[in-house]
Amino acid sequence: MAAGARAEVPAEVPADASAGRAEGQAGGPPAGRAEGSAAGLSARLSAREVLAQVTDAGSFEPLPGSERAGGPESADPRAEGPVSAPTEGSASAPAKEPAEEPAEAPEASPEEPATALGPLDDGPLRWDGYGAARARATESTGERESVVCGTAAIGGTRAVVISFEFRYLGGSLGSRTGDRLEAAYTRARELRLPVVSLIATGGSRMQEGMLALTQLQRIAGQSTLNRAAGLPQLAVLRDPTTGGGWATLGAGADVVLALPGAQVGFAGSRVRPADADPSAYTAEGQLATGHIDAVVPPERLRATLARWLRLLTTPDGEPAPVPAAQGAGDPPASGWSAVQRTRAPERPRADAYLDTYFDWREDISGDRCGGVDDGMRCGFGHRAGRTVAYAAQCGTATRPAGFRTAARLVRLADRLGIPVLTLVDTPGAANDAAAERSGAGAAIADLFAAMAAARTPLTSLLIGEGGSGGALALAAPGRLWATPDSYFSVIAPELATAILKRPLSEVPRTADQLHLRPQDLMSLGLIRGIVPAN
């Protein structure tokens, strides 16, 4: 092997037996390379240093088997090194020095009996050098596996936390990693706690072959059980998050956050096409294409996780209150005046309503199918001690990604028992060729289905244009209110006039015939009321 190739392999693993290679080859940068180097981040932190940054002081309690090798477990990860000042990804964060431990193999832990797959055993495939690599990884990191699992508080909310140790064989997933992850998910169900995964992995551990790869099915099965139990799952993507770790713990989480510049993608750096666009494999690239919810600077990570945990662990069976109108207070005199008033640029849009309605809020982003629609605002907000989920159209033609993001929001809120508020305001669904190629019809159908199936209370307010099916898909059946400066119509008056082959001068009369004013909707029994202005 060429010297240049050898230099890319994690230092603690021999080049010919690197467990950092994911799904055939390594998915992330070597252990000595800077974490998040694309954004100038430096010094990859250990699993416990990351725990120290995001958990409340003194709150971490390891699960059995996740204790440190060669010494007593500290209840507070901060006691294990000088990690209180720097943050993961900060320029001043020091790399953790290898533990001062003897070179001989560590004692076998309860999860690693000497009679089975002991510390120096070369594994089920008898992969030459695998046992020695594991022993060196334990000596340098103080860990017996690539994940550390336990319970901790983050901003006062308790959670099961999973933190990857990338310096242990590239954070790769082996059979014993699966044991620890299954125990973590099981503990979360027993205690009714959310799961927070702090991921840094190259993927499946090559030296265990298919036994390692099938751990992905095991993780997915556990995640499904927690999802069915109504327990939220959050993921933080550190550098790198590739291979099966991204395709299970990462992309499978309810809310996905990432550190700036982190390498994120199913294909690791050594298995991509030579001409692949490198930006597609970054946190920022995944955000732009709708696969993660936010890129969070390291110094804001703990606070952001605390806010999300507070929002997602507050179920409420009461419907969300209907917001007050913020625009004109008097109903329109005619159908055409209703349309003109609604289209006025000074009319309050979704952001104004959301900012007034919530004390604070966090957005989700993307449809998880490659799309983002900036005209659909979705997320969870805090209002007077309650959590309310929201999906709000911003007055633009809604694209397929917007409908899919809203459906994702409604299903997540329904699973967690959180009431939903929707704000309807669109001239209609986007109807260009790109929208058709992106599956406009299927996306609208999916949102209709999500709204119809929801068991959590839904509340909808028409705050502007109600343009045909693209608006109706976001309206709660039987629980729709309207503001005075809104309208709802089967079709835009101009289009109806054209279809009827009437002259343009007939547009106002057509608008009246469509009975689209709020008071018309009320008389037809289509809305429950016209909300007054503040």
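Residues numbered from 1 in each chain as written. Predicted model: local features only at pLDDT ≥ 70, side-chain atom pairs only at ≥ 80, totals over all residues. Heavy atoms only, no water.

Moving on, we get to the side chain of Thr422. Looking at the secondary structure, you find Thr422 in strand 14 (residues 420-426). Judged by relative accessible area, Thr422 falls into the buried class, the value being 1%. Looking at Thr422, its side chain comes within polar contact range of the side chain of Ser460, at 2.5 Å. Setting aside residues up to four positions removed in sequence, Thr422 forms contacts with Ala391, Met451, Thr459, Ser460, Leu461 and Leu474. (Helix = DSSP H or I, 4+ residues; strand = E, 2+ residues; numbered from the N terminus. Buried < 20%, exposed > 50% of the residue type's maximum accessible area, 1.4 Å probe, protein only. Polar contact = N/O pair within 3.5 Å; in protein donor to acceptor, adjacent residues only side chain to side chain. Contact = heavy atoms within 4.5 Å.)

One finds Val196, Leu305, Trp308, Phe380 and Leu409 to be the most contacted residues of the largest nonpolar core, which totals 62 residues. Sorting elements by how many residues they give to this core places helix 12 (residues 400-416) first, with eight residues. Aside from chain neighbours lying at most four places away, what touches Val196 is Ile154, Ala159, Val160, Val161, Ile162, Leu234, Leu305 and Leu309. Grouped together as the second largest cluster of nonpolar side chains are 29 residues, Ala200, Ile219, Trp246 and Ala262 included. (Core = buried A, V, L, I, M, F, W, Y, C linked by side-chain atoms within 4.5 Å.)

Of all eight residues making up helix 7 (residues 243-250), seven are buried, and the element is well covered by its neighbours. Burial in helix 7 covers these residues: Gly243, Gly244, Gly245, Trp246, Thr248, Leu249 and Gly250.

Here we take up the packing of helix 4 (residues 175-191) against helix 6 (residues 215-228). For the pair helix 4 and helix 6, interaxial distance at closest approach is 10 Å and the crossing angle is 5°. Classed by the angle they form, the pair helix 4 and helix 6 counts as roughly parallel. On helix 6, the residues that touch Ser175, Gly178, Asp179, Leu181, Glu182, Tyr185, Thr186, Ala188 and Arg189 of helix 4 are Gln215, Arg218, Ile219, Gln222, Ser223, Leu225 and Asn226. (Axes fitted to C-alpha atoms, helices over the stretch in contact; angles between N-to-C directions. Parallel < 35°, antiparallel > 145°, perpendicular 65-115°, else oblique.)

Turning next to the packing of aromatic side chains. The full count for this structure, using the stated rule, is three aromatic pairs. Measuring from centroid to centroid gives 6.0 Å for Trp308 and Phe380, while their planes differ by 70°, and the two rings are edge-to-face. Taken together, the residues Trp308 in helix 9 (residues 301-312) and Phe380 in strand 12 (residues 376-383) connect sequence positions 72 residues apart. Both residues of the pair, Trp308 and Phe380, belong to the buried class. Centroid distance Tyr357 to Phe358: 4.9 Å. Interplanar angle 85°. Geometry classified as edge-to-face. Tyr357 sits in the buried class, given a relative accessible area of 6%. Given a relative accessible area of 5%, Phe358 falls into the buried group. (Phe/Tyr/Trp six-rings, centres within 6.5 Å; stacked < 30°, edge-to-face > 60°.)

Next up on the list: the environment of Ala159. Within the secondary structure, Ala159 sits in strand 5 (residues 157-164). Filtering out sequence-adjacent residues up to four positions away, Ala159 remains in contact with Gly150, Thr151, Ala152, Leu193, Pro194, Val196 and Leu309.

Turning our eyes to something else, we now look at the pairing of strand 5. Most of strand 5 is tucked away: seven of the eight residues are buried. The sheet contact formed by strand 4 (residues 147-154) and strand 5 spans eight bridges and is antiparallel. The residue bridging Val148 from the neighbouring strand is Ser163, located in strand 5. Relative to strand 6 (residues 195-201), strand 5 is paired through four bridges, and the arrangement is parallel. What sits directly across from Val161, in strand 6, is Val196. Regarding topology, helix 4 serves as the crossover connection from strand 5 to the parallel strand 6, and that connection is right-handed. (Pairing = 2+ DSSP bridges. Right-handed = clockwise from strand over helix to strand, strands pointing away.)

Pairs of packed helices are described in terms of their axes, by the angle between the two and the distance that separates them. At a minimum axis distance of 8 Å, the contact between helix 2 (residues 47-54) and helix 9 shows a crossing angle of 65°. Taken together, the axes of helix 2 and helix 9 are roughly perpendicular relative to one another. Every residue of helix 9 that contacts helix 2 at Ala52, Gln53 and Val54 is listed here: Leu301, Arg302 and Leu305. Across the contact of helix 2 with helix 9, the residue classes tally to four nonpolar, one polar and one charged. (Nonpolar A, V, L, I, M, F, W, Y, C, P; charged D, E, K, R; others polar.)

Here the focus is the environment of Asp316. Inspection of the secondary structure puts Asp316 in the loop between helix 9 and helix 10 (335-342). The class for Asp316 is buried, based on a relative accessible area of 17%. Each C-alpha atom, one on Asp316 and one on Arg386, is 7.4 Å from the other, the two residues being 70 residues apart in sequence. Leaving out residues up to four positions away in the same chain, Asp316 has contacts with Arg386, Gly417, Ile418 and Pro419. Of note is the side chain of Asp316, whose polar atom sits 2.4 Å from the side chain of Arg386.

What you tend to see is this: most non-glycine residues have negative phi, and most peptide bonds are trans. Of note, the amide linkage connecting Asp239 to Pro240 takes the cis form, showing an omega dihedral of 0°. On the secondary structure map, Pro240 appears in strand 7 (residues 233-242). Look at Arg126: it is not a glycine, yet its phi comes out positive at around 55°. Of note, Arg126 is situated in the loop between strand 3 (61-62) and helix 3 (130-141).

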